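Overview (structure and organization)
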Amino acid sequence: MNHEPYKLIAEGFTPVPSIGSSETGLHFVESFDDLDAVGVLVASEGEVPASIGLTRETLERAGFDGKPGSTLQLANASRALIIAVGGGKPGSLDVHGWRKAAAALVRATQRHSRIGFELSGVEGVDAELLGQALAEGVLLARYNYSSLKSKANETPLSVVQFVAPGIDADAAARGVAIGRVTVRAATIARDLCNAPPSHLTAAGLGAAAKELGEKFGFGVEEFDKQQLIDLRCGGLLGVNAGSAQEPRMLKLTFTPEGTPTGHLGMVGKGIMYDSGGVSLKPSDPMHLLMKMDMGGAAAVLAVFTALRDLDCKAAVSGFLMCTDNMPSGSAYKLGDVLTTRSGLTIEVKNTDAEGRLVMCDALTLAIEDQVDGIVDIATLTGNALVSLGQLTAPVFGNDQRLVDLVLESGGRADEQLWQLPLERAYRPQLDSDVADISNLGGPYAGATTAALFLAEFVGDTPWAHIDIAGTMQSDKDDAWRSKGATGFGARLLIDLALGYSAD
């Protein structure tokens, strides 16, 4: 990544995220040029491709079984390094499998800049989708956040070639072009989430959004603390009360050429750092990850960088609610009552249930903006991680059509979702003796009660809620997920916006 060295906040640091491996040449070719390494797909059974130069028995003795995700380096003094890449049963790889296979090859060739991939068994696979998946697998797997290292030891990719006999090369090239844009978006989301809280404040995110808006053709309105007071955004202001940094609300707008197919609203949680406030979190590894509590806002901002280039037909409005959540003498307290823009009052029962407080005002503003539907995305509850782990995010909603659209987009992006019930029988857990609602439910079904809280602010407007507390980061390199921030949600929401209509 080619970043300018970061500066201290006091020096006016403006975070400009990278735009994602645009310099890498990705091409479908009939034969390879002079490369450093070549990957060859090897199924778990059947004939071994001649380019491997070994029998299956020899591969098995070396520990290679051909299972998806497996790789084996085969050194050769006279030509490029050969990498056997596991393909599972012959012809079994779908588009997602090819994305993972490309990622596996890249991870096995970290020190090489010119690589190739010999594909087989792609008959029947949509060439455009294949091109997109291969580009995503290659570029997302090579991602590395090294902006703050004095010496970066990464080897940038310069050339990646694919040989796929019988493929429609033009369609595959179109897919590669789409993949570049979706990777660029995911990379921006990753960069923002990986940036330390000392370097990325709410105001800093506003500065980054404005620069990205000018570059990628979307509008950015920035609302400071006084403007938020004027808008009566009591939820965001309450959470910000303990912070030395001002809050920001960022409204992003994209308007397509011609008559829009619909107007989609997106809301992103932007807690720049979450200490828990007065309800202080324990000092453990999860606390360290709370610089990523703005993962929802990062994903929504990243989406807007792709809409113009991918010719989105829907109008899209985004609302990013940004502040950190800190303890201090002025911080909001348990028992406080906040008044939201909607007029509903909220009793604070836990200051670490802050995400829903900042988002409720944005949901109200999105409805006032007359959107046809709303999708919010947030690192909202630890229960999401406990329930579904780090690979799958729960989705809730009040409109099955919209929820289905979100699920379908997650399926196409390989960003796994699972619908959980918006069980309204749990709603009484949010009752308050002194306000309209409290910000905390009971000890169980925390992801559901958080969704029920948000549902209070959307009325009958179609709405879906994605909780990415588990999927926002990975503990290790895993297929296209790189260690650290994953950028989860950016590619999913791009797909949703591209296919969205109000009908």
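Quick caveat: nothing in here was measured; it's all calculated off a predicted structure. (Residues numbered from 1 in each chain as written. Predicted model: local features only at pLDDT ≥ 70, side-chain atom pairs only at ≥ 80, totals over all residues. Heavy atoms only, no water.)

What follows is about the sheet that holds strand β12 (residues 345–347). With mixed pairing, 3 strands are arranged side by side in an open sheet as β11-β12-β16. Edge strands, defined here as strands with exactly one partner in the open sheet, are β11 (337–339) and β16 (437–438). Strand direction decides the pairing type here: β12 and β16, joined by 2 bridges, are parallel. Paired with Glu 347 across the strands is Ser 438, a residue of β16. (Pairing = 2+ DSSP bridges. Helix = DSSP H or I, 4+ residues; strand = E, 2+ residues; numbered from the N terminus.)

In a regular helix each residue adds 1.5 Å, so 13 residues correspond to 18 Å; helix α2 (residues 95–107) covers 19 Å between its end C-alpha atoms and thus fits that length. Of all 13 residues in α2, 10 are buried, a share of seventy percent or more. Of all the residues in α2, the buried ones are Val 95, Gly 97, Trp 98, Arg 99, Ala 101, Ala 102, Ala 103, Ala 104, Leu 105 and Val 106. Looking at where α2 begins, the residue whose side-chain oxygen comes 3.2 Å from the main-chain nitrogen of His 96 is Asp 94. (Expected span 1.5 Å × (residues − 1). Buried < 20%, exposed > 50% of the residue type's maximum accessible area, 1.4 Å probe, protein only. Polar contact = N/O pair within 3.5 Å; in protein donor to acceptor, adjacent residues only side chain to side chain.)

Using the criterion set out here, one finds 23 salt bridges in the structure. In this structure, Arg 308 and Asp 309 form a salt bridge, with 3.3 Å as the shortest nitrogen-oxygen distance. A relative accessible area of 37% places Asp 309 in the partly exposed class. One salt bridge in this structure joins Lys 313 and Asp 311, with 2.9 Å as the shortest N-O distance. Beyond isolated ion pairs, a larger network of salt bridges with shared partners links Arg 99, Glu 136, Glu 415 and Arg 491. (Salt bridge = Lys/Arg side-chain N within 4 Å of Asp/Glu carboxyl O.)

Turning our attention to empty space enclosed by the protein. Applying the stated criterion across every chain yields a total of 2 cavities of 30 Å³ or more. The calculated volume of the largest cavity comes to roughly 40 Å³. At the level of secondary structure, the elements contributing two or more residues to the lining of the largest cavity comprise α4 (169–194) and α9 (295–307). Tallied by class, residues from the lining of the largest cavity come to 6 nonpolar, 3 polar and no charged. (1 Å grid on protein atoms, 1.4 Å probe; cavity = no way out; pocket = protein on both sides within 12 Å on 5 of 7 lines; lining within 4 Å. Points joined across faces, edges and corners; volume = space filled by probe spheres on them. Nonpolar A, V, L, I, M, F, W, Y, C, P; charged D, E, K, R; others polar.)

So, about the packing of helix α12 (residues 400–413) against helix α14 (residues 490–499). The interhelical angle for the contact between α12 and α14, taken along N-to-C directions, is 125°, at an axis separation of 8 Å. Taken together, the axis directions place α12 and α14 in an arrangement best described as oblique. In this structure, α12 meets α14 at a crossing whose hand is right-handed. Of the residues in α14, those in contact with Leu 405, Val 406, Ser 409, Gly 410, Arg 412 and Ala 413 of α12 are Arg 491, Leu 492, Asp 495 and Leu 496. (Axes fitted to C-alpha atoms, helices over the stretch in contact; angles between N-to-C directions. Parallel < 35°, antiparallel > 145°, perpendicular 65-115°, else oblique. Left-handed = near helix turned anticlockwise from the far one by under 90°. Contact = heavy atoms within 4.5 Å.)

Moving on, we come to the pairing of strand β4 (residues 81–86). Burial analysis of β4 places 6 of its 6 residues in the buried class, the great majority of the element. Burial along β4 is two-sided: the residues Leu 81, Ile 83 and Val 85 and Ile 82, Ala 84 and Gly 86 are all buried. Examined bridge by bridge, strand β2 (residues 37–42) and β4 share 6 bridges and lie parallel to one another. Across the sheet, the residue bridging to Gly 39 is Ile 83, located in β4. Relative to β4, strand β3 (residues 71–74) runs antiparallel, the two being bridged by 4 bridges. In the strand pairing of β4, Leu 72 is matched with Ala 84.

Another point: the confidence of the model for the protein. Here the protein shows a mean pLDDT of 92. Residues at 70 or above account for 95%. Under a pLDDT of 50 for its full length, residues 1–16 has, in the predicted model, 29 contacts with residues more than four places off or in other chains. (pLDDT = per-residue confidence, 0-100.)

Attention shifts here to helix α13 (residues 446–455). Most of α13 is tucked away, with 10 of its 10 residues classed as buried. Of the residues making up α13, those classed as buried are Gly 446, Ala 447, Thr 448, Thr 449, Ala 450, Ala 451, Leu 452, Phe 453, Leu 454 and Ala 455.

On a regular strand, each side chain points to the face opposite its neighbour's, so the side chains alternate between the two faces of the sheet. In terms of residue burial, strand β6 (residues 159–163) counts as a mostly covered element, since 5 of its 5 residues are buried. Both faces of β6 are covered, namely the face carrying Val 159, Gln 161 and Val 163 and the face carrying Val 160 and Phe 162. Both strand β1 (residues 25–28) and β6 contribute to a ladder of 4 bridges, which runs parallel. Its bridge partner being in β6, Phe 28 is matched across the sheet by Phe 162. The sheet contact formed by strand β5 (residues 114–118) and β6 spans 5 bridges and is parallel. When the sheet's bridge partners are listed, Glu 118 is paired in β6 with Val 163. Considered for its hand, the β-α-β crossover made up of β5, helix α3 (residues 127–141) and β6 is right-handed. (Right-handed = clockwise from strand over helix to strand, strands pointing away.)

Moving on: the sheet that holds β6. Pairing within the open sheet is mixed, and its 6 strands lie in the order β1-β6-β5-β2-β4-β3. Single-partner strands in this sheet number two, and they are β1 and β3. Taken pair by pair, the neighbouring strands of this sheet meet at an average axis angle of 20°, ignoring direction. Alignment of β2 against β5, held across 4 bridges, turns out to be parallel.

Within the largest apolar cluster, 65 residues are counted, with the highest numbers of intra-cluster contacts made by Leu 205, Leu 301, Val 375, Val 406, Ile 466 and Leu 493. Considering each element in turn, this core owes the most residues, 10 residues, to α9. Apart from the residues lying within four places of it in its own chain, the contact partners of Val 375 are Leu 264, Gly 265, Met 266, Val 267, Leu 402, Val 406, Ala 464, Ile 466, Leu 493 and Leu 496. (Core = buried A, V, L, I, M, F, W, Y, C linked by side-chain atoms within 4.5 Å.)

What follows is about unusual backbone geometry. A positive phi angle, near 55°, is found at Ala 445, a position not held by glycine. Note on placement: Ala 445 falls in the loop between β16 and α13. Given the relative accessible area of 27%, Ala 445 is considered partly exposed. The phi angle at Ala 479 is positive, at roughly 55°, despite the residue not being glycine.

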